[in-house]
Amino acid sequence: MSISLSSLILLPVWISMAQIQQGGPDEKEKTTALKDLLSRIDLDELMKKDEPPLDFPDTLEGFEYAFNEKGQLRHIKTGEPFVFNYQEDLHRWNQKRYEALGEIITKYVYELLEKDCNLKKISIPVDATESEPKSFIFMSEDALTNPQKLMVLIHGSGVVRAGQWARRLIINEDLDSGTQIPFIKRAMDEGYGVIVLNPNENYIEVEKPKIQVQSSSDSSDEPAEKRERKDKVSKETKKRRDFYEKYRNPQREKEMMQLYIRENGSPEEHAVYVWDHFIAQSAAENVFFVAHSYGGLAFVELMIQREADVKSKVTAVALTDSVHNVWHQEAGKTIREWMRENCCNWVSSSEPLDTSVESMLPDCPRVSAVHAQTVLSSIL
């Protein structure tokens, strides 16, 4: 386990404070002296020795990475794969760097969906005002007009966004492994319309406004001496809180708040919204779903809320490592029966492709998936 420079410097102080606090009143003078010492430590300067600024590039080129002809992320100069531990023993900084790169890759995949897959970016809610938070999905030109078949893709939970299965695979393996692009291209080649859901884009983040705290002395009818004592305690509390905050967050990251998107505040809400406003309105006689991980749970929730409609339009559902649970989600008997006939869950297994895998749940069959790419071949 690594220990930061600032922790080593402050450790004797923390120990001394703890020992003094265990002593009697005669130790108050030492406590006061140590508090004075701590108040004069410039933690901003101290922590700079530990952690570089959280200031990262906003392009792949800025990170000095690019995707090669095989769709692999490689360093422009060395040709090496992505390195997470760029700064030794600075996990938080490395994690922030990884997250910054992930945001760039999300935008990169969005561009591929539009340019390489010829999908359209559709804003939701469909009746959103200019000022309210918005999300979006992607659709092929014929998604709503194709009279024969429509493919709907739903990814899992976490940081992934529309067009992705797993950010980790995009960064460490390649685009074909981690994105939905091979599914989309194959489906379009086979004559499907395509809709790509974006179930994790549930809110936008804005900076939290600073709350102005009114002094108690401005509005209280308490005696002056009592107000002074309370104000002194309040100032000491604020000083300690600011001291801790400087140590915890030396680079003063902005405090953010979340503004949720109307009728799309969760993956389950999003699935129902896209069904009501797009999939249910499509001309396709046969609708097919491919849902990964939490996407399977979102599909089951859609069935619970729109059972008759889903049964009338959906022909088959391919689940991959789905985390749905018909008991916890309280899916009725008719839904479980329909899932047994029309759904299949490909799960991680060392068994050969399509080998039956035992399940404790009375819903759809579970079979082995050698590789996620094989799922599309099985249902097309």
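Residues numbered from 1 in each chain as written. Predicted model: local features only at pLDDT ≥ 70, side-chain atom pairs only at ≥ 80, totals over all residues. Heavy atoms only, no water.

## A look at the overall build of the chain
- Along its length, the chain carries 15 helices and 12 strands.
- Here the chain, with 380 residues, has 41% of them falling under the buried criterion.
- Considering only contacts in the chain between residues 6 or more positions apart, those separated by 24 or more positions represent 69%.
- Accessible area of the chain: about 21500 Å², with a carbon and sulfur share of 50%. (Helix = DSSP H or I, 4+ residues; strand = E, 2+ residues; numbered from the N terminus. Buried < 20%, exposed > 50% of the residue type's maximum accessible area, 1.4 Å probe, protein only. Contact = heavy atoms within 4.5 Å. Areas by Shrake-Rupley, 256 points an atom, 1.4 Å probe, with all protein chains shown as cover.)

## Digging into the packing of helix α12 (residues 294-305) against helix α14 (residues 333-342)
- It is at 10 Å that the axes of α12 and α14 come closest, and there the two elements cross at 130°. It follows from the interaxial angle that α12 and α14 lie oblique. Handedness of the crossing formed by α12 with α14: right-handed. Residues Phe299, Val300, Met303 and Ile304 of α12 form the contact with α14, whose own contacting residues are Ile335, Trp338 and Met339.
- For the contact of α12 with α14, a count of residues per class yields 7 nonpolar, no polar and no charged. (Axes fitted to C-alpha atoms, helices over the stretch in contact; angles between N-to-C directions. Parallel < 35°, antiparallel > 145°, perpendicular 65-115°, else oblique. Left-handed = near helix turned anticlockwise from the far one by under 90°. Nonpolar A, V, L, I, M, F, W, Y, C, P; charged D, E, K, R; others polar.)

## Side note on the packing of aromatic side chains
- In this structure the tally under the stated criterion is 15 aromatic pairs.
- Ring geometry for Trp275 against Phe289: centres 6.5 Å apart, planes inclined by 25°, an arrangement best described as stacked. Taken together, the residues Trp275 in helix α11 (residues 267-277) and Phe289 in strand β9 (residues 286-292) connect sequence positions 14 residues apart.
- Take Trp275: its relative accessible area is 0%, and that puts it in the buried class.
- Residue Phe289 is classed as buried on the basis of its relative accessible area of 1%.
- Every member of this aromatic cluster is reached through a ring pair, and the members are Tyr65, Phe82, Phe84 and Tyr98.
- Lying across the ring of Tyr86, Arg97 places its NZ or CZ 4.2 Å from the centre.
- Here the guanidinium or amino end of Lys121 rests over the ring plane of Phe136, the centre of that ring lying 4.1 Å away. (Phe/Tyr/Trp six-rings, centres within 6.5 Å; stacked < 30°, edge-to-face > 60°. Lys NZ or Arg CZ within 6 Å of the ring centre and 35° of its normal.)

## Quick notes on the sheet that holds strand β6 (residues 193-196)
- As summarised here, the arrangement of the 8 strands in space is β3-β4-β6-β5-β9-β10-β11-β12, forming an open sheet in which the pairing is mixed. The open sheet has two edge strands, β3 (120-124) and β12 (366-369), and neither has a second partner. The sheet shows a mean angle of 25° between the axes of neighbouring strands, taken without regard to direction.
- Against the sheet, helix α8 (residues 181-189) contacts β5 (149-154), β6 and β9, and its axis sits at roughly 155° relative to β6.
- Its contacts with the sheet put α14 on β10 (314-320) and β11 (343-348), and the angle it makes with β11 is roughly 70°. (Pairing = 2+ DSSP bridges.)

## Side note on the pattern of salt bridges
- Per the counting criterion, the structure on display carries 10 salt bridges.
- Notably, a salt bridge pairs Glu103 with Arg167, separated by 3.7 Å at the nearest N-O pair. Of this pair, Glu103 sits in helix α5 (residues 91-115) while Arg167 sits in helix α6 (residues 167-172), and the two are 64 residues apart along the sequence.
- In this structure, Asp276 and Arg306 form a salt bridge, with 2.8 Å as the shortest nitrogen-oxygen distance. (Salt bridge = Lys/Arg side-chain N within 4 Å of Asp/Glu carboxyl O.)

## Quick notes on α12
- Spanning 12 residues, α12 covers 17 Å between terminal C-alpha atoms, matching the ideal 16 Å at 1.5 Å per step.
- Counting buried positions over the 12 residues of α12 gives 9, a clear majority of the element.
- Taken together, the buried positions of α12 are Gly295, Gly296, Leu297, Ala298, Phe299, Val300, Glu301, Leu302 and Met303. (Expected span 1.5 Å × (residues − 1).)

## Things to note about the environment of Phe56
- Take Phe56: it is sitting in the loop between α3 (43-48) and α4 (60-63).
- Placed 43 residues apart in sequence, Phe56 and Glu99 show a C-alpha to C-alpha distance of 9.9 Å.
- In this structure Phe56 touches Phe63, Trp93, Lys96, Arg97 and Ala100, once residues within four positions along its chain are discounted.

## A closer look at the confidence of the model for the chain
- Taken residue by residue, the chain gives an average pLDDT of 84. The fraction at 70 or more is 73%.
- With pLDDT under 50 throughout, residues 1-16 is counted as low confidence; its partners more than four residues away or in other chains account for 19 contacts.
- Contacts of residues 44-49 to residues separated by more than four positions or lying in other chains number 10 contacts, the stretch itself having pLDDT below 50. (pLDDT = per-residue confidence, 0-100.)

## Remarks on the environment of Thr106
- Note on placement: Thr106 falls in helix α5.
- Residue class for Thr106 comes out buried when judged on its relative accessible area of 5%.
- The residues touching Thr106, leaving out its near neighbours within four places in the chain, are Arg161, Gln164 and Arg167.

## Digging into the side chain of Ser140
- Within the secondary structure, Ser140 is located in the loop between β4 (135-139) and β5.
- A polar contact of 2.8 Å, which involves the side chain of Ser140, links it to the side chain of Asp142.
- A distance of 2.9 Å separates a polar atom in the side chain of Ser140 from the backbone nitrogen of Val194.
- Sequence-distant contacts of Ser140, defined by excluding residues within four places in its chain, comprise Leu119, Lys120, Met188, Gly193 and Val194. (Polar contact = N/O pair within 3.5 Å; in protein donor to acceptor, adjacent residues only side chain to side chain.)

## Description of the pairing of β9
- When you tally the buried positions in β9, you get 5 out of 7 residues, the bulk of the element.
- Sheet topology note: the β5/β9 ladder contains 6 bridges and is parallel. Note on β9: the bridge partner recorded for Leu150 is Val287.
- Where β9 meets β10, 6 bridges bridge the pair, whose relative direction is parallel.

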